[in-house]
Amino acid sequence: MMERKISPAAQEWCVDEAGAGQRLDNYLLRHLKGVPKSHVYRIIRSGEVRVDGRRAQAQTRLAQGQRVRVPPVRVAEAPVRPAIPAGPPLPVVYEDEDLIVLDKPAGLAVHGGSGVAFGVIERLRAERPGASLLELVHRLDRETSGLLMVAKRRSTLKALQDALRAGQVRKRYLALVHGLVEHPVQHVRAPLFKYLTPEGERRVRVSPEGKVAHSIVRRLRRWPQAGYTLVEVELKTGRTHQIRVHMAHLGHPLVGDEKYGRFAANKALARAGFDRMFLHAAFLAFVHPRSGLRLELEAPLPPELGEFLAGLGPGEEG
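This structure is a prediction, so every number in the text was calculated from the model and none was measured.

## What to know about the sheet that holds strand β4 (residues 54-55)
Across the sheet, four strands lie side by side as β2-β5-β3-β4; this open sheet has antiparallel pairing. Edge positions in the open sheet fall to β2 (11-14) and β4, since each of these has one partner strand only. Note: β2 against strand β5 (residues 67-70), four bridges, orientation antiparallel. The partner of Gln11 across the bridge, within β5, is Val70.

## Let's talk about the nonpolar core
Where a protein is soluble and globular, its nonpolar side chains tend to be buried together. Residues Val150, Ile243 and Leu254 are the most contacted members of the largest nonpolar core, which totals 29 residues. Counting residues in each nonpolar core, the second largest holds 18 residues, with Leu32, Ile43, Ala58 and Val70 among its members.

## Considerations on empty space enclosed by the protein
Taken as a whole and assessed by the stated rule, the structure comprises one cavity of 30 Å³ or more. What the largest cavity holds in volume is close to 40 Å³. Lining the largest cavity we find His138, Leu140, Leu147, Lys171, Arg172, Tyr173, Ala281, Phe283 and Leu284. Elements with a minimum of two residues in the lining of the largest cavity: β11 (170-178) and β17 (279-287).

## Remarks on the pattern of salt bridges
The tally for this structure, following the rule as stated, stands at 24 salt bridges. Among the salt bridges present, the one from Glu95 reaches Arg128, with a minimum N-O distance of 2.5 Å. With a gap of 33 residues between them, Glu95 in strand β7 (residues 92-95) and Arg128 in the loop between α3 (120-127) and β9 (135-136) connect regions that are remote in the sequence. Given the relative accessible area of 25%, Arg128 is considered partly exposed. Because the salt bridges share partners, they merge into one network encompassing Arg170, Arg172, Arg218, Glu232, Glu234 and Lys236.

## Considerations on the packing of aromatic side chains
Throughout the structure, instances matching the rule amount to four aromatic pairs. Between Phe274 and Phe308, the ring centres sit 4.5 Å apart and the planes meet at 35 degrees, which makes this aromatic pair tilted. On the criterion of sequence distance, the pair formed by Phe274 in the loop between α6 (263-271) and β17 and Phe308 in helix α7 (residues 303-312) is long-range, its members being 34 residues apart. The same class applies to Phe274 as to Phe308, namely buried. Put simply, the rings of Tyr228, Phe274, Phe278 and Phe308 pair up and form one aromatic cluster. Lying across the ring of Tyr195, Arg205 places its NZ or CZ 4.7 Å from the centre.

Here is what the cut-offs are and how they apply
Numbering of residues starts from 1 in every chain and runs along the sequence as written. Reporting of local features is limited, given that this is a predicted model, to residues whose pLDDT is at least 70; pairs of side-chain atoms are given and counted only at 80 or more, and all residues count toward the totals for whole chains, interfaces and linings. To get the side-chain values, all heavy atoms of the structure are used, and hydrogens and water are removed first. Strands qualify as paired when DSSP identifies two bridges or more between them. Secondary structure counts use DSSP, requiring at least four H or I residues in a row for a helix and at least two E residues in a row for a strand, with both numbered from the N terminus. For our purposes a nonpolar core is just a set of buried Ala, Val, Leu, Ile, Met, Phe, Trp, Tyr and Cys residues, chained together by side-chain atoms within 4.5 Å. Partly exposed residues are those whose accessible area sits between 20% and 50% of the maximum for their type, while under 20% is buried and over 50% is exposed, using a 1.4 Å probe and protein chains only. The way it works is a 1 Å grid over only the protein atoms, where trapped points that fit a 1.4 Å probe form a cavity and open points with protein on both sides within 12 Å along at least five of seven lines form a pocket, and then any residue with an atom within 4 Å of a point lines it. Grid points are joined across faces, edges and corners, and a volume is the space filled by probe spheres set on the points. Throughout this description, the term salt bridge denotes a Lys or Arg side-chain nitrogen within 4 Å of a carboxyl oxygen of Asp or Glu. For this analysis, a ring pair means two rings from Phe, Tyr or Trp (six-membered ring only for Trp) whose centres lie within 6.5 Å, classed as stacked if their planes differ by under 30 degrees, edge-to-face if by over 60, and tilted for the remaining angles. Two conditions define a charge located above a ring, namely a distance within 6 Å from the ring centre to NZ of Lys or CZ of Arg, and an angle within 35 degrees of the ring normal.

Just geometry here; none of it tells us what the structure is for.
Structure follows, in structure tokens:
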């Protein structure tokens, strides 16, 4: 059980650019590390938290320059966190004063949690200790490589997340799947439902109870003798495991997919030296929130994926 201590006095902060636009509850949870979430909400409800001298609600959006005051609170001693091991810098595809677009390696989670000590965002913050804000705009599965957006401003984070929800960001992935895909282009509209297995693992399945999900699958190349097809998948929605579940639903699970794939085939490939999922976020296009210019970014296939395709031979185009 962690020891707790009382902060000696009331605390007050001036909202900076990183906090502008953030909800009051989220702002406090970021600043009051070690304070139980329930206690943060209690002091807000009781009126002990003041914004510019007035009571405010948890959902109040803060503006730059406002002053937030909290009473003395009981804080848990911060647990000792494992050091983030040094490694090569994360590959940057694009960067300006508003955002970073990384080419995330496969096998690296985007954030720590659920048994993962650290991920991309913790690595990036460790690489850039002077950055005032670094926040994930969206997520990629741990096993997926490719383009990942990180905001350096709160306004950029909100604008890009709003654009994602509105379908204004184009995202295209390359995937190698089992079997020979018949249709050159196919719209997959199958609702996806999230659930937990008896072991507590997160899974997704096609179900009428699920959320609307739309993928556009374009056939790029087939290898009839090996029984593989390379497809490009454009996401019109961004559901958890969407490509993996939609392709499995079509009868063409992703090569190397340990959750929805062909397990015996995956084991055979691993024994032959290929031990990752063949899914790569290859293309992003969006309007820059500040400049208004359209950005189109690409990340080439990682060497291990390119080498696997080369080993299959030329195949059939289209």
